[in-house]
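# Observations on chain architecture
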Amino acid sequence: MTTQITLLTADNWMDYELLDSGDGQKLERFGKYVFVRPEVQAIWKKHLPLEHWQAAHAVFQPSGEESGGHWLFNLKVPERWLMNYANIKFWAQTTPGRHLGVFPEGAAHWDWMSGLIKSSSKPVHVLNLFGYTGLATLAAAEAGATVTHVDASKKAITWARENQILSGLQERPIRWIVDDALKFVLREARRGVKYHGLIVDPPKFGRGPKGEIWEVYKSLPVLLDACRLLLDQKPVFAVLTVYAVKASSVHVRTVLEEMLGDFSGSFDSGELVTRESNANRLLSSAVYARWDNKKSR
Ligand SMILES: C[S@@+](CC[C@H](N)C(=O)[O-])C[C@H]1O[C@@H](n2cnc3c(N)ncnc32)[C@H](O)[C@@H]1O
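Residues numbered from 1 in each chain as written. Predicted model: local features only at pLDDT ≥ 70, side-chain atom pairs only at ≥ 80, totals over all residues. Heavy atoms only, no water.

What follows deals with the domain arrangement of the protein. How big an interface is tends to be stated in terms of accessible area lost as the parts join. When its domains are assigned, the protein resolves into domain 1 (10-78) and domain 2 (100-292). The distance between the C-alpha centroids of domain 1 and domain 2 comes to 26 Å. The junction of domain 1 with domain 2 conceals about 1,800 Å² of combined surface from both sides, 62% of it contributed by carbon and sulfur atoms. Considering only the surface of domain 1 that becomes buried against domain 2, A10, W13 and L18 emerge as the three largest contributors, covering 29% of it. Along the contact surface separating domain 1 from domain 2 lie one salt bridge. Linking domain 1 with domain 2 are nine residue pairs in polar contact (both at pLDDT 80 or more), by the criterion used here. Where the side of domain 1 that touches domain 2 is concerned, the elements lending two or more residues are β2 (16-22), β3 (25-30) and β4 (33-38). (Domains from an automatic or database assignment. Buried area = accessible area lost by both parts, 1.4 Å probe. Salt bridge = Lys/Arg side-chain N within 4 Å of Asp/Glu carboxyl O. Polar contact = N/O pair within 3.5 Å; in protein donor to acceptor, adjacent residues only side chain to side chain. Helix = DSSP H or I, 4+ residues; strand = E, 2+ residues; numbered from the N terminus.)

If you want it as structure tokens, here you go:
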């Protein structure tokens, strides 16, 4: 028996582009602005001539800690600027944690779940855990779902609400919740709330609003056990994405199969990859597993 590994690319971006990678860095365009960020997995050589890299607006200088560091600006960049993906509009901004308000490779999941929500014959209630600036939430809401969005960071939720207004989705049913993902899920389980769609996109390490520690290998199995209690009898989809470099898509799939094995439907799993626009090479960002209620393909 063979299990296929899918390499999922987000092919519908106009406002984002991976221009080049190599020598431990990546060169990316976010709207009109070009950035150099560290990418330890880019162990190959840069493809574009050095002038392209030197022309970047800003370079992120890591401090040696997990995600700390600072930006060095070569050219002027506004405090924040507008980007869009399909009908979703959002603010992009350089942050001290090296991110810019969007994980572009995730768009492959947004398209997939939007399709499932639109083709569902019943209303879909989605739970988005670790929702960050809300782009997956807005994609689901735009497709017609009622969404509960949970993130530990008040700042991220404020940003997400601004993105909701920018996208013209302020009338859509979205609950924005600042909480620890596990605590929230346990509370919802006690209340008997049920969801048809589940998005779990955790960081490697994180902290809840009251300092609750999130460590993906230790915390994820506990969280998924609790999430199982929240699933409706007839769920529509579940997607789990893990950015920890050492994770295997085989293992992420195993834990999702364990959670959803009783439901009929289909799984797929693999890596979220971005194709360079210049050298056509693939850069992998995360591993994922996902399930939907459609029959096995
Ligand atoms: C990797 S980002 C998620 C990416 C995002 N879902 C996307 O697709 O753009 C991590 C997010 O998890 C949040 N976070 C970290 N620890 C948390 C916890 N214990 N409970 C809830 N959210 C947490 C952070 O505030 C951050 O917004």
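Right, let's talk about helix α3 (residues 135-143) for a bit. Most of α3 is tucked away, with eight of its nine residues classed as buried. Within the sequence span of α3, burial applies to L135, A136, T137, L138, A139, A140, A141 and A143. Looking one or two places after α3, you find G144, whose phi comes out positive at around 120 degrees. (Buried < 20%, exposed > 50% of the residue type's maximum accessible area, 1.4 Å probe, protein only.)

Phi angles above zero are rare outside glycine, and A86 is one such case at about 50 degrees. Looking at the secondary structure, you find A86 in the loop between β7 (81-85) and β8 (88-92). Positive phi, normally seen in glycine, also occurs at F130, with a value near 65 degrees. Inspection of the secondary structure assignment puts F130 in the loop between β9 (125-129) and α3.

Time to look at the sheet that holds β2. Judged by pairing direction, the sheet is mixed, and its five strands sit side by side in the order β2-β3-β4-β5-β6 without closing on themselves. The open sheet terminates on both sides in strands that have one partner only, identified here as β2 and β6 (69-73). Geometrically, the sheet is characterised by an average inter-axis angle of 20 degrees between neighbouring strands, direction not taken into account. (Pairing = 2+ DSSP bridges. Axes fitted to C-alpha atoms, helices over the stretch in contact; angles between N-to-C directions.)

What follows concerns a nonpolar patch on the surface. On the surface, a cluster of nonpolar side chains totalling about 320 Å² of accessible area is made up of I5, L7, V250 and L282. Position of I5 among the secondary structure elements: in the segment before β1 (6-9). (Patch = residues over 30% accessible without salt bridge, like charges linked within 9 Å, V, L, I, M, F, W, Y side chains within 5 Å. Areas by Shrake-Rupley, 256 points an atom, 1.4 Å probe, with all protein chains shown as cover.)

Right, let's get into the nonpolar core. In terms of nonpolar packing, the biggest core is built from 52 residues, with W13, F35, W81, W110, M113, V126 and F237 touching the most fellow members. When residues of this core are assigned to domains, at least three map to each of domain 1 (10-78) and domain 2 (100-292). Beyond its immediate sequence surroundings of up to four residues, F237 is in contact with W112, M113, L116, I117, V124, V126, H196, G197, L198, I199, W291 and D292. One finds V185, L231, L240 and L256 within the second-largest nonpolar core, a separate group that totals 35 residues. (Core = buried A, V, L, I, M, F, W, Y, C linked by side-chain atoms within 4.5 Å. Contact = heavy atoms within 4.5 Å.)

With respect to the helices and strands, M14 occurs in the loop between β1 and β2. Relative accessible area serves as the criterion here: at 67%, M14 is assigned to the exposed category. Considering only alpha carbons, one finds M14 and F30, 16 residues apart in sequence, at a separation of 9.4 Å.

Counted by the stated rule, this structure contains 14 salt bridges. The shortest N-O distance in the salt bridge between D232 and K122 comes to 3.9 Å. Highlighted residues: D232 in the loop between α6 (216-228) and β15 (237-242) and K122 in the loop between α2 (107-119) and β9, separated in sequence by 110 residues. On the basis of relative accessibility, which here comes to 28%, the residue K122 falls in the partly exposed class.

The way to describe two aromatic rings as a pair is by their centre distance and the angle between their planes. Summed over all chains, the structure comprises 17 aromatic pairs. Centre to centre, the rings of W13 and Y85 are 4.7 Å apart; their planes meet at 55 degrees, and the pair counts as tilted. Here the residue W13 occupies a position in the loop between β1 and β2, and Y85 occupies one in strand β7, the gap between them amounting to 72 residues. In this structure Y85 comes out as buried when scored by relative accessible area, which is 4%. Ring centres 5.2 Å apart and planes at 75 degrees place the aromatic pair F60 and W71 in the edge-to-face group. Of this pair, F60 sits in strand β5 (residues 58-62) while W71 is found in strand β6, placing the two residues eleven residues apart along the sequence. Neither F60 nor W71 differs from the other in exposure class; each is buried. Among the aromatic side chains, those forming a connected cluster through ring pairs are W13, Y16, F30, Y33, F35, F60, W71, W81, Y85, F90 and W110. (Phe/Tyr/Trp six-rings, centres within 6.5 Å; stacked < 30°, edge-to-face > 60°.)

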